[in-house]
Amino acid sequence: MTPSYELKDPTQVLSPSLLFYKDLIQANLRRMIDIAGSVERLRPHIKTHKTREIVGLAMDMGIRKFKCATIAEAELLADCHVPDVLLAYPLVGPNCERMARLAQTYPECRFAVIADHPAPVQALSAAMARTGTQVSVMLDVDVGQHRTGIVAGPPAIKIYEQFARSPGLAPGGLHIYDGHNHQENVADREAAVRQGIVPVLEMRDTLEKMGVPVPRLVLGGTPTFSVFAKLALPKGECSPGTCVLHDDGYGRRFADLAGFVPAAVLLTRVISRPTPRRVTFDLGYKAVASDPPAGKRLILLNVPEYEAVLQNEEHLVIETPAAERFQPGDVAYAIPTHICPTSAMHRHAYVVENGTVTGQWEIVARDRVLGV
Ligand SMILES: Cc1ncc(COP(=O)(O)O)c(C=O)c1O
């Protein structure tokens with residue numbers, strides 16, 4: 001069921017803008033906890049929203065561990081007094097020094113990072129040791145996406161042993177992200193997850209027999225976290241992100257995610273009626289993620305039977321037989337296909353409660369550098 005996203009009074013709301021529906025975000029967070037089984041088994045990714053206030057809503061529900069993709073997001077989390085932060089992105093170049101500065105700035109936060117290669121591990125170790133700080137390092141295990149990571153096996157074990165030997169580092173466990181497991185049929189997805197995890201668990205057993213600790217496994221994204229939750233692996237944590245705000249891309253593709261509801265919507269206005277069948281909105285690809293193909297970047301909610309025929313930086317042109325119903329200034333609402341990059345395009349989101357804008361939340365970590 002699509003909830004009503006209509007504002008009671010949109011007259012003072014700028015367009016294009018991003019609206020966050022607080023009660024829907026809270027419902028998505030509750031559903032995420034239900035699926036994971038407990039807050040201890042969850043480590044939500046914050047790249048989807050990058051906001052302090054949504055971290056706060058999750059912490060109010062007892063979530064204490066989070067995952068992120070940038071140093072700015074890690075800093076935001078530490079600044080929100082999150083005690084346990086995983087920066088799930090390989091650190092190279094000056095980011096090793098930044099990580100050390102972050103650990104120095106927030107000594108009360110336990111940071112972990114991921115790695116898959118000996119050279120950056122050495123650089124990170126040197127940076128941490130220079131500042132007298134420590135960070136856990138999780139081995140990024142490639143289970144088939146081939147984006148980052150190393151396949152489970154003897155070379156991977158060697159790198160993990162390096163974490164234990166290096167000053168300023170400690171072995172932090174195994175990180176598995178399986179963004180390739182997007183099978184629409186849930187049974188196929190589950191079979192792929194179960195198969196992919198076998199060599200990872202064998203490697204964990206080998207490491208533990210060698211006396212090298214594997215304190216946690218961080219597993220999956222939104223499409224697979226219910227499968228990992230069912231596996232109930234000891235020391236396993238699920239790391240979905242998108243479902244906190246949810247979007248039309250995942251919603252349309254995965255029927256089993258029906259319990260999550262889009263909680264972020266774009267407000268746009270008609271700016272022109274250039275032909276009898278055309279309506280132009282102020283919703284270009286500087287306001288909505290353009291990684292989906294043109295014409296498939298959003299769903300307009302209160303526009304019947306339309307086709308998106310052109311999108312420029314600040315314009316969205318549609319054709320519809322109902323064009324005559326629309327006049328410049330009319331408001332429409334759209335669900336983005338991919339919410340995560342969409343959030344990062346807006347400095348603020350309007351917060352909506354009971355159909356009324358009650359405030360604005362800053363998308364703080366859309367910037368790549370905050371303090372360190
Ligand atoms: C490493 C990592 N973990 C977790 C996630 C969250 O996955 P999802 O967007 O499916 O919730 C992502 C998403 O890109 C990711 O890259």
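Residues numbered from 1 in each chain as written. Predicted model: local features only at pLDDT ≥ 70, side-chain atom pairs only at ≥ 80, totals over all residues.

> Which residues make up the overall build of the protein, and what are the values?
Each helix and strand in the protein was counted, giving 10 helices and 16 strands. For the protein, the C-alpha radius of gyration of 22 Å lies close to 21 Å, the compact-globule estimate for 372 residues. For the protein, the C-alpha atoms occupy an extent of roughly 70 × 45 × 35 Å along the three principal directions. The buried share of the protein, taken over its 372 residues, is 46%. Within the protein, contacts between residues at least 6 apart in sequence are counted, and of these 68% link residues at least 24 apart. (Helix = DSSP H or I, 4+ residues; strand = E, 2+ residues; numbered from the N terminus. Rg over C-alpha atoms; globule rule 2.2 N^0.38 Å. Buried ≥ 20, exposed ≤ 12 C-beta atoms within 10 Å, placed from the backbone. Contact = placed C-beta atoms within 7 Å.)

> Please provide a residue-by-residue account of helix H1 (residues 22-36), values included.
Residues lying three or four places apart along an α-helix face the same way, a consequence of the helix completing one turn every 3.6 residues. A rise of 1.5 Å per residue sets the reference length of H1, with its 15 residues, at 21 Å; its end C-alpha atoms lie 21 Å apart and thus fit the reference within 8%. What H1 keeps buried is the set Leu-24, Ile-25, Asn-28, Leu-29, Met-32, Ile-35 and Ala-36. Buried residues along H1 cover an arc of 140° about the axis, so they all sit on one side. When the buried face of H1 is taken as reference, the exposed residues oriented beyond 90 degrees from it are Arg-30 and Asp-34. Of the surrounding elements, those touching the buried residues of H1 are strand S1 (17-21), helix H2 (52-60), helix H8 (225-231) and strand S8 (236-238). Two residues or fewer after H1 comes Gly-37, characterised by a positive phi angle close to 105°. (Expected span 1.5 Å × (residues − 1). Arc of directions from axis to C-beta.)

> A description of the nonpolar core should follow, citing residues and the corresponding values.
The biggest cluster of nonpolar side chains holds 114 residues, and the ones touching the most others in it are Leu-19, Leu-77, Val-85, Met-99, Val-113, Leu-266 and Ala-334. When residues of this core are sorted by domain, at least three fall in each of domain 1 (83-239) and domain 2 (259-366). Sequence-distant contacts of Leu-266, that is, excluding residues within four places in its chain, are made with Pro-16, Leu-18, Leu-283, Ala-287, Val-288, Leu-298, Tyr-333, Ala-334 and Pro-336. (Core = buried A, V, L, I, M, F, W, Y, C linked by C-beta atoms within 7 Å. Domains from an automatic or database assignment.)

> Describe unusual backbone geometry, and please don't skip the residues or the numbers.
For the peptide bond that leads from Ser-15 to Pro-16, omega is 0°, which places it in the cis range. Here Pro-16 is to be found in the segment before S1. Of note in the backbone geometry, Lys-235 takes a positive phi value of approximately 60° without being a glycine. Relative to the helices and strands, Lys-235 resides in the loop between H8 and S8. Not every positive phi belongs to a glycine, and His-246 is a case in point at roughly 60°. Inspection of the secondary structure puts His-246 in the loop between S8 and helix H9 (248-253). Of the residues examined, His-246 has 24 C-beta atoms within 10 Å and is grouped as buried.

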